Amino acid sequence: MQSGNNRPWAVRIGDPGEAGVRAINDLSDFGSWRVFADIIAQVGKFAPGGTAPGDFIVDAEERTWLSFTLDRQTGAVVLRKREHPAE
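This report concerns the structure included in the present document. (Residues numbered from 1 in each chain as written. Predicted model: local features only at pLDDT ≥ 70, side-chain atom pairs only at ≥ 80, totals over all residues. Heavy atoms only, no water.)

Describing the sheet that holds strand β2 (residues 56-71)
If you trace the 3 strands from one edge of the open sheet to the other, you get β1-β2-β3, paired in antiparallel fashion. The sheet is open, and its two edges are formed by β1 (32-46) and β3 (77-83), each paired on a single side. Each strand of the sheet is rotated relative to its neighbour by a mean of 20°, with strand direction disregarded. In this sheet, β3 lies alongside β2 in antiparallel orientation, the contact comprising 6 bridges. Paired with T69 across the strands is L79, a residue of β3. (Pairing = 2+ DSSP bridges. Helix = DSSP H or I, 4+ residues; strand = E, 2+ residues; numbered from the N terminus. Axes fitted to C-alpha atoms, helices over the stretch in contact; angles between N-to-C directions.)

What follows is the structure, given as structure tokens:
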């Protein structure tokens, strides 16, 4: 057995139980954050004499999904995507 580290790319893990967690983290960590927003816009009017949110009558509704991918190092937007899901 040789002394010294002949594998500089190897990472020494303190607790063997960490191996699974680190493997999963390495697979999912690509240096970016994903942000997802589900936006529902409604068009309508209040019932006569209505002032409470429950008095609002919806005439039409549109749903939009927005997703952004941000670079963790710079904070720059890498990918911007807008979708209209089928209901």
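Let's pick the thread back up.
Points about the packing of aromatic side chains
Using the criterion set out here, one finds 2 aromatic pairs in the structure. Seen from their ring centres, F46 and F56 are 5.6 Å apart, and the 75° between their planes marks the pair as edge-to-face. Taken together, the residues F46 in strand β1 and F56 in strand β2 connect sequence positions 10 residues apart. (Phe/Tyr/Trp six-rings, centres within 6.5 Å; stacked < 30°, edge-to-face > 60°.)

Let's talk about the pairing of β2
As defined by bridge partners, β1 adjoins β2 across 15 bridges and the pair is classed as antiparallel. Bridging across to β2, D38 finds its partner in W65. If you look at the hairpin formed by β2 and β3, you'll find 5 residues sitting between the two strands, and G75 has a positive phi there, around 80°.

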